[in-house]
Amino acid sequence: MSPRITVVGTGYVGTTHAATLAELGFRVLGLDIDEDRVAALSAGRVPFVEPGLDELVARHVATGALRFTTSYREAAAFGDVHFLCVPTPEAADGRAELKPLVGAVEELAPLLTRPVLLVGKSTVPVGTAADLAKRLTDLTGHPGVELAWNPEFLREGTAVADSLRPDRLVFGVSSPAATAALREVYRVQLAAGVPAVVTDPATAELVKLSANTFLATKISFINAVSEVCEAVGADVGAVAAALGHDPRIGGAHLRPGLGFGGGCLPKDLRSFRAQAVDFGLTDTATLLGVVDLINNRARQRLVDLVRAECGGELRGRRVAALGAAFKPDSDDVRDSPALAAAVALHREGAVVTVHDPAAGPTARRAEPRLRHADTVVDACRDADVVVHLTEWRDYGELDPAALAEVVRGRVLVDARTTLDPAPWQEAGWRLRALGRPGPEQREGES
Ligand code: UGA
């Protein structure tokens, strides 16, 4: 018989994991302490934007394969495998906040009365699984309860596809029984040829931190190159494209621009750095610190560029900010470079109006001091500068000639360097981007 699965924590990772396991034929119970969230999910509604997830949740809630609860007792009675997908946000000191995760284990453990497997999915500092395993042994009602670590690599915006067909699976286990249980849960993915790395829990924890930190480093590297491009008048877009053709480098996560944000890369980088400091690995800590520094500087470089386009003074200038989400196909504004740049422009006295195709409500809640518009035209009305901050497909389909009619200045700063310059230039716009020569430099060359 297929194992029955509980998923503790119904954020991006937990809800996606629960829904895709239901899609693969398992009976799944999602648990969250947030009653509103559980009520929404139980009604088949996902309380955040993630393409395809709504439909999956609604379908499997309707069949009864997927249910949600706030009761640890119900979860303990139901599950053979309990996935822990509790958030580990950044604490004030840059470390991962583990209290919610520890709390979840402390709630669940005493209620477990048969041999079951707990599987951590949350991103945690190395050694967390070992500490939790000890806590579990102290608290559990059954000696056959075990803990494994199985990091999650899904990305927001493509979470469902990533979960159904991951690049790889990592099983951090302490026994063959745990490996067998995980092989059963992931039998469809394994049968489809997804590679599995079977290792110990500490190594599995480190794989996840290394993966996110490497991605962050790759993005900061190309943004460091972007800074050099500005100094020498070269074009970072062409550099990134050429580098990406080298299969040893690869073009993925090599897009220059505003840098990385969201609920994962920044906090995992800082958590990993804090751990490097703890271990006295000062060079590693320096490397990771510089990755963070270059990333944050991209936001400031954008402000500098917009200020320069406004003749050196932002006070009273009207800026249309296109995009607030940390990436397209998401309404997540956690540590969003787009929203941070909009706030930085506002702090310098610019009148900033933000538009986002999906993150309007979350952006309004996060930054009520900014102006918010429901349409691109409203955001751009009388703008001195339009700044493209999140590379939504919708923005690639804008009509530059129509927008030219509503703005005060035809200046477009493309912070993501993804818009096709030709139609904008034809409609009389002046285009600027980080790491790319401006029109004056280009004219000087010809
Ligand atoms: C990231 C990882 O990519 C996932 O593998 C991981 O599972 C997830 O964190 C997590 O730990 O939960 P995610 O935060 O959804 O996923 O987003 P990414 O696609 O990695 O993008 C992160 C940020 O980097 C975004 O702000 C994006 O705009 C930026 N980015 C991405 C760039 O600036 N350049 C790029 O080339 C790629």
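Just so it is clear, the model here is predicted, and its values are computed rather than measured.

Under the criterion given, the structure shown has three aromatic pairs. Aromatic side chains tyrosine 12 and phenylalanine 48 sit 4.4 Å apart centroid to centroid with 45° between the ring planes, which places their arrangement in the tilted category. Taken together, the residues tyrosine 12 in helix 1 (residues 12-23) and phenylalanine 48 in the loop between helix 2 (35-42) and helix 3 (53-63) connect sequence positions 36 residues apart. Note on phenylalanine 48: relative accessible area 7%, which makes it buried. One residue, arginine 4, lies across the ring of phenylalanine 78, its end atom 4.7 Å from the ring centre. The residue whose ring lies beneath arginine 168 is phenylalanine 153, and the NZ or CZ to ring-centre distance is 3.6 Å.

Right, let's get into helix 6 (residues 128-139). Compared with an ideal rise of 1.5 Å per residue, which puts 12 residues at 16 Å, helix 6 spans 16 Å between its outermost C-alpha atoms and is within 8% of the ideal. Residues of helix 6 that are buried include every one of Thr128, Ala129, Leu132 and Leu136, and no others. An end-on view of helix 6 places all buried positions within 85° of arc, on one side of the element. Those residues of helix 6 that are exposed and aimed more than 90 degrees away from the buried face are Lys134, Thr137 and Asp138. On its buried face, helix 6 is in contact with helix 5 (99-108), strand 5 (117-120), strand 6 (146-149) and helix 10 (201-232).

In terms of nonpolar packing, the biggest core is built from 52 residues, with Leu302, Val306, Val352, Cys380, Val386, Leu389 and Trp429 touching the most fellow members. Of all the elements, helix 14 (residues 337-347) adds the most residues to this core, at seven residues. With sequence-adjacent residues up to four places away left out, leucine 389 is seen in contact with Leu258, Leu302, Ala321, Leu322, Gly323, Ala338, Ala341, Ala415 and Arg416. Ranked by size, the runner-up nonpolar core spans 37 residues in total, among them Val7, Phe26, Val38 and Tyr186.

Tallied over the full model, the rule gives 34 salt bridges. A salt bridge links arginine 255 to glutamate 391; the nearest nitrogen and oxygen atoms lie 3.1 Å apart. Of this pair, arginine 255 sits in the loop between helix 11 (236-244) and helix 12 (265-278) while glutamate 391 sits in the loop between strand 12 (385-388) and helix 17 (393-396), placing them 136 residues apart in sequence. Look at arginine 255 and you get exposed, because its relative accessible area is 52%. Between arginine 270 and aspartate 335 there is a salt bridge whose closest N-O contact spans 3.7 Å. Taken together, the positions of arginine 270 in helix 12 and aspartate 335 in the loop between strand 9 (318-322) and helix 14 put the pair 65 residues apart, joining distant regions of the chain.

Turning to the site of the ligand, a few remarks are in order. For the ligand, the set of nearby residues contains 21 residues, the closest of which are Phe153, Leu154, Glu156, Lys208 and Arg255. Glutamate 156 is positioned such that a nitrogen or oxygen atom in its backbone is 2.7 Å from an oxygen atom of the ligand. One of the side-chain N or O atoms of lysine 208 is found 2.7 Å from an oxygen atom in the ligand. For the shell around the ligand, the elements supplying multiple residues, two or more each, are helix 10 and helix 12. The element that contributes the greatest number of residues to the shell around the ligand is helix 10, accounting for four residues. Counting the residues that make up the shell around the ligand, at least three belong to each of domain 1 (5-199) and domain 2 (212-445).

Here we come to the pairing of strand 6. Note: strand 5 against strand 6, four bridges, orientation parallel. For leucine 118, the partnering residue across the bridge sits in strand 6 and is leucine 147. Crossover connection from strand 5 via helix 6 to parallel strand 6: handedness right-handed.

You can read the domains of the chain as domain 1 (5-199) and domain 2 (212-445). For domain 1 versus domain 2, the separation of C-alpha centres amounts to 34 Å. Opposite the 16 residues of domain 1 that make contact, domain 2 presents 15 residues. Taken together, domain 1 and domain 2 are joined by three salt bridges. Of the charged contacts, one joins arginine 95 and aspartate 278 as a salt bridge, the two residues approaching to 2.6 Å between their closest N and O atoms. Inspection of the domain 1/domain 2 interface yields nine residue pairs in polar contact (both at pLDDT 80 or more). Among the residues forming the side of domain 1 that touches domain 2, the class breakdown is eight nonpolar, four polar and four charged.

As a further point, take the packing of helix 13 (residues 282-309) against helix 14. Viewed as axis vectors pointing N to C, helix 13 and helix 14 meet at an angle of 45°, and their least axial separation amounts to 9 Å. Taken together, the axes of helix 13 and helix 14 lie oblique to each other. Seen along the crossing, helix 13 lies across helix 14 with a hand that is right-handed. Where helix 13 approaches helix 14, its residues Arg299, Leu302, Val303 and Val306 are matched on the opposing element by Pro337, Ala340, Ala341, Ala344 and Leu345. Residues of the contact of helix 13 with helix 14, tallied by class, amount to eight nonpolar, no polar and one charged.

What counts as what
- Residues numbered from 1 in each chain as written.
- Predicted model: local features only at pLDDT ≥ 70, side-chain atom pairs only at ≥ 80, totals over all residues.
- Heavy atoms only, no water.
- Phe/Tyr/Trp six-rings, centres within 6.5 Å; stacked < 30°, edge-to-face > 60°.
- Helix = DSSP H or I, 4+ residues; strand = E, 2+ residues; numbered from the N terminus.
- Buried < 20%, exposed > 50% of the residue type's maximum accessible area, 1.4 Å probe, protein only.
- Lys NZ or Arg CZ within 6 Å of the ring centre and 35° of its normal.
- Expected span 1.5 Å × (residues − 1).
- Arc of directions from axis to C-beta.
- Contact = heavy atoms within 4.5 Å.
- Core = buried A, V, L, I, M, F, W, Y, C linked by side-chain atoms within 4.5 Å.
- Salt bridge = Lys/Arg side-chain N within 4 Å of Asp/Glu carboxyl O.
- Near = heavy atom within 4 Å.
- Polar contact = N/O pair within 3.5 Å; in protein donor to acceptor, adjacent residues only side chain to side chain.
- Domains from an automatic or database assignment.
- Pairing = 2+ DSSP bridges.
- Right-handed = clockwise from strand over helix to strand, strands pointing away.
- Nonpolar A, V, L, I, M, F, W, Y, C, P; charged D, E, K, R; others polar.
- Axes fitted to C-alpha atoms, helices over the stretch in contact; angles between N-to-C directions.
- Parallel < 35°, antiparallel > 145°, perpendicular 65-115°, else oblique.
- Left-handed = near helix turned anticlockwise from the far one by under 90°.

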